[in-house]
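Close look at the chain arrangement
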Amino acid sequence: MNKVSSWALRTPTVGTIFRQQQHGRQFSQLAENQIAAWLRQGGEQDLQNKGKKLEGDRHQKVASALGVGDDYIHSKILSDNNFKPESIERRLDLDKKWEELQYAIRKDFEVHQGSFPSVEEYAKSSHAKDQFEEAIAELDAKAKKVNDAVISDSLRFNGRSPVPHARRFRLQERIEEAIDQQSK
């Protein structure tokens, strides 16, 4: 008596595979025929929201925040799979560091405000340069890395950048910006 291994019993034969493929094609053809008959009978005319924009996509606002506007399909796929492109990770890090530096600039300006007649004078001062030049240079390097990642990611995602390019960090300009934002 020959023993048949359990592997052989579970392994489909060529005939079984062919029948399954044939059944799949038959099912697809049946579905296509049913849809064609429904269309010939005017079934699409009864659709309640035909031609209207569907409401309630939970990813639309997220995509707008990421800078992709109405074209948010790839953002939906990414967020559904908990994937953040490198440009997003770098942009989040840059924005966090910039917020921290803005706070430090504002606090330093409050302490030394009496020594400088204007924000512009403070931003041009050697004091501000000594205090913040290194940090601004570090943020400028991070902005360059964000922009490199934006270019790389836009090539991966059909020319759409997940985040906007980062502006350069120039000492006087960014010090003035940090202080001016406090007054708004």
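The structure presented is a predicted model; accordingly, all values stated were derived computationally and were not measured.

Procedures and definitions
- Residues numbered from 1 in each chain as written.
- Predicted model: local features only at pLDDT ≥ 70, side-chain atom pairs only at ≥ 80, totals over all residues.
- Heavy atoms only, no water.
- Helix = DSSP H or I, 4+ residues; strand = E, 2+ residues; numbered from the N terminus.
- Buried < 20%, exposed > 50% of the residue type's maximum accessible area, 1.4 Å probe, protein only.
- Contact = heavy atoms within 4.5 Å.
- Areas by Shrake-Rupley, 256 points an atom, 1.4 Å probe, with all protein chains shown as cover.
- Phe/Tyr/Trp six-rings, centres within 6.5 Å; stacked < 30°, edge-to-face > 60°.
- Lys NZ or Arg CZ within 6 Å of the ring centre and 35° of its normal.
- Salt bridge = Lys/Arg side-chain N within 4 Å of Asp/Glu carboxyl O.
- Patch = residues over 30% accessible without salt bridge, like charges linked within 9 Å, V, L, I, M, F, W, Y side chains within 5 Å.
- Lys, Arg positive; Asp, Glu negative; His and termini not counted.
- Charge placed at Lys NZ, Arg CZ, Asp CG, Glu CD.
- pLDDT = per-residue confidence, 0-100.
- Expected span 1.5 Å × (residues − 1).
- Bend = angle between axes of the 7 residues up to and from the residue.
- Core = buried A, V, L, I, M, F, W, Y, C linked by side-chain atoms within 4.5 Å.

The next point concerns the overall build of the protein chain. On a plain count of helices and strands, the protein chain comes out with eight helices and zero strands. Evaluated residue by residue, the protein chain yields a buried proportion of 28% over its 184 residues. Within the protein chain, counting contacts between residues at least 6 apart in sequence, those at least 24 apart form 64% of the total. By element, 52% of the accessible surface of the protein chain is carried by carbon and sulfur atoms, the whole surface being about 13600 Å².

So, on to the packing of aromatic side chains. Taken as a whole and judged by the stated rule, the model has three aromatic pairs. Here the aromatic cluster, defined as three or more aromatic residues joined through ring pairs, consists of Phe109, Phe116 and Tyr122. Positioned above the aromatic ring of Trp98, the side-chain terminus of Arg174 is 5.1 Å from the ring centre. A cation over a ring is seen here: Arg174 above Phe169, with NZ or CZ 3.7 Å from the ring centre.

Within the secondary structure, Ala137 sits in helix H7 (residues 126–156). Each C-alpha atom of the pair Ala137 and Arg170 lies 7.9 Å from the other, and the pair is 33 residues apart in sequence.

Below, the discussion takes up the pattern of salt bridges. Pairs can form between side chains of opposite charge whenever their charged atoms are close. For the structure shown, the criterion picks out nine salt bridges. The salt bridge partner of Arg90 is Glu86, with a shortest N-O separation of 2.5 Å. Taken together, the residues Arg90 and Glu86, both in helix H5 (residues 86–112) and four residues apart, mark about one turn of the helix. The class of Glu86 is partly exposed, set by a relative accessible area of 36%. The closest approach of N and O atoms between Asp148 and Lys144, which form a salt bridge, is 3.1 Å. Placement of the pair is Asp148 and Lys144 together in helix H7, with a separation of four residues, close to one helical turn. On the basis of relative accessible area, Asp148 is assigned to the partly exposed category, the value being 37%. It is possible to trace a salt-bridge network through shared partners that takes in Arg167, Glu173, Arg174 and Glu177.

Okay, a negative patch on the surface next. A cluster of acidic residues, Asp130, Glu133, Glu134 and Glu138, forms a negative patch at the surface. On the basis of relative accessible area, Glu134 is assigned to the exposed category, the value being 69%.

Our next topic: a nonpolar patch on the surface. Residues Ile35, Trp38, Leu39 and Leu47 make up a contiguous nonpolar surface patch of about 370 Å² in total accessible area. Note on placement: Leu39 falls in helix H2 (residues 14–40).

With that settled, consider the confidence of the model for the protein chain. On average, residues of the protein chain score 79 in pLDDT, and 71% of them reach the 70 mark or higher. Mean pLDDT across the elements of the protein chain ranges from a minimum in helix H1 (residues 6–10), with 52, to a maximum in H5, with 93.

To continue, consider H7. Between its first and last C-alpha, H7 extends 44 Å over 31 residues, near the 45 Å set by a 1.5 Å rise per residue. A maximum bend of about 55° is found in H7 at Phe132.

Bringing H5 into the picture now. Over its 27 residues, H5 runs 39 Å from end to end, which matches the ideal 39 Å to within 8%, given 1.5 Å per residue. Inspection of H5 places Ser87, Ile88, Arg91, Leu94, Trp98, Leu101, Gln102, Ile105, Arg106, Asp108 and Phe109 among the buried residues, and these make up the whole buried set.

Looking now at the nonpolar core. By size, the foremost hydrophobic cluster in this structure holds 24 residues, and its most contacted members are Trp98, Ile105, Tyr122, Phe132 and Ile175. Of all the secondary structure elements, the ones that give two or more residues to this core are H5, helix H6 (119–124), H7 and helix H8 (171–183). Per element, the largest residue contribution to this core is seven residues, and it comes from H7. Apart from residues no more than four positions distant in its own chain, Tyr122 is found in contact with Ile105, Asp108, Phe109, Phe116, His127, Ala128, Phe132, Ile175 and Ile179.

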